[in-house]
Amino acid sequence: MIPYEPLNIWLPEDHRLYEQVKTFEYGQATTEAYSKDRTFLRHGLSKKEFECVPPLLDVIERHGMISKVFMLEPNSTYDWHGDAYRYIAINCLLSYENTDYITLFCTELEKYSEVYFKSTRLVYEPRRFYMFNTQVPHMVSNFSDKPRYLLSIAPYTTSKIPFNMDPLKTDFSTFLKIRDEFLQLGLIS
């Protein structure tokens, strides 16, 4: 089970999002999958933001993806979970000067309900996009006294994805299909 793939796509160093994220109005998720105050804040973006990154814009348009900036407040944790409405996500850390965070994936899904299991850490390379397998349990903590901003782009489902801890019953097909497409396009090394 692959938790994530580094992509051969980078956000330009001078992209306006790096500064704009600090001024956006953020709101809670509007879904019944989570209690309103139990998830991080977010702000929706237009796909026009990515006209300067043609391979990314092509992927967004081909898969009907929606882009958002997720803000994890200072000194907070988004606990272990699998995404409720996304099988994959394409993420890029926008506050890469803040290194006081951790992003982990549970690499022993069958042991996820136990106290002890193996995990894999993702350390973001500045400006680089990563393709997440969002059905692999993952978590993030921001230990900093500053907000952590993450650009997250994904195709959303209309119905909630059932979370399953059995790797043989977990639906990884969307991730694997798009991963294969990205490999053929040269977006993954």
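**Here we look at the pairing of strand β8 (residues 128-133)**
At step 1: Burial within β8 is extensive, with six of its six residues counted as buried.
At step 2: Burial along β8 is two-sided: Arg128, Tyr130 and Phe132 and Phe129, Met131 and Asn133, pointing in opposite directions, are all buried.
At step 3: As paired strands, strand β1 (residues 4-10) and β8 are joined by four bridges and run antiparallel to one another. Looking at β8, one finds that Glu5 is bridged to Met131.

**Section: unusual backbone geometry**
At step 1: A positive phi angle is found at Asn75, which is not glycine, with a value near 50°.
At step 2: You can see Asn75 is positioned in the loop between β3 (66-72) and β4 (76-81).
At step 3: The exposed category is assigned to Asn75, whose relative accessible area is 57%.

**Concerning the side chain of Glu181**
At step 1: Summarising the element assignment, Glu181 is placed in helix α3 (residues 173-185).
At step 2: Among residues more than four places away in sequence, those in contact with Glu181 are Arg62 and His63.

**Side note on α3**
At step 1: Between the first and last C-alpha of α3 there are 18 Å, a value that for 13 residues agrees with the 18 Å anticipated at 1.5 Å per step.
At step 2: Looking at α3, one finds that the buried residues are Phe175, Ile178, Arg179, Glu181 and Phe182. In an axial view of α3, the angular spread of the buried residues amounts to 160°, which keeps them on one side of the axis. Away from its buried face by more than 90 degrees, α3 exposes Lys177 and Gln184.
At step 3: Looking at the packing, one finds that the buried side of α3 touches β1, α2 (54-63), β5 (88-93) and β8.
At step 4: Where α3 terminates, the next one or two residues include Gly186, which has phi positive at roughly 80°.

**A closer look at the environment of Ser95**
At step 1: Along the chain, Ser95 falls in the loop between β5 and β6 (101-106).
At step 2: Taking the C-alpha atoms as reference points, Ser95 and Leu150, separated by 55 residues in sequence, lie 7.3 Å from one another.
At step 3: Among the polar contacts made by the side chain of Ser95, one reaches the main-chain amide nitrogen of Tyr149 at a distance of 2.9 Å.

**Here's the deal with the nonpolar core**
At step 1: Membership of the largest hydrophobic core comes to 34 residues, with the highest contact counts inside it found for Leu56, Ile90, Leu94, Phe129, Leu151, Ile153 and Phe182.
At step 2: Once residues within four sequence positions are removed from consideration, Ile153 is found in contact with Phe50, Leu56, Ile60, Met65, Ile66, Ser67, Ala89, Ile90, Asn91 and Phe129.
At step 3: Residues Ala89, Leu93, Tyr101 and Tyr112 belong to the second largest nonpolar core, which totals 22 residues.

**Points about α2**
At step 1: Residues of α2 that are buried: Leu56, Leu57, Val59 and Ile60. Looking down the long axis of α2, one finds its buried residues gathered within 160° of arc, a one-sided arrangement.
At step 2: If you follow the buried residues of α2, they end up packed against β1, β5, β8, β10 (148-154) and α3.
At step 3: Where α2 ends, the next residue or the one after it, Gly64, has phi of about 60°, a positive value.

**Quick notes on the pairing of β6**
At step 1: Of all six residues in β6, five are buried; the element is thus mostly enclosed.
At step 2: Inspection of the sheet shows β6 paired to strand β9 (residues 138-142) by five bridges, in the antiparallel sense. Considered in β9, the bridge of Leu104 is made with Met139.
At step 3: Inspection of the sheet shows β6 paired to strand β7 (residues 119-122) by four bridges, in the antiparallel sense. For Leu104, the partnering residue across the bridge sits in β7 and is Arg121.

The rules behind the values
Residues numbered from 1 in each chain as written. Predicted model: local features only at pLDDT ≥ 70, side-chain atom pairs only at ≥ 80, totals over all residues. Heavy atoms only, no water. Buried < 20%, exposed > 50% of the residue type's maximum accessible area, 1.4 Å probe, protein only. Helix = DSSP H or I, 4+ residues; strand = E, 2+ residues; numbered from the N terminus. Pairing = 2+ DSSP bridges. Contact = heavy atoms within 4.5 Å. Expected span 1.5 Å × (residues − 1). Arc of directions from axis to C-beta. Polar contact = N/O pair within 3.5 Å; in protein donor to acceptor, adjacent residues only side chain to side chain. Core = buried A, V, L, I, M, F, W, Y, C linked by side-chain atoms within 4.5 Å.

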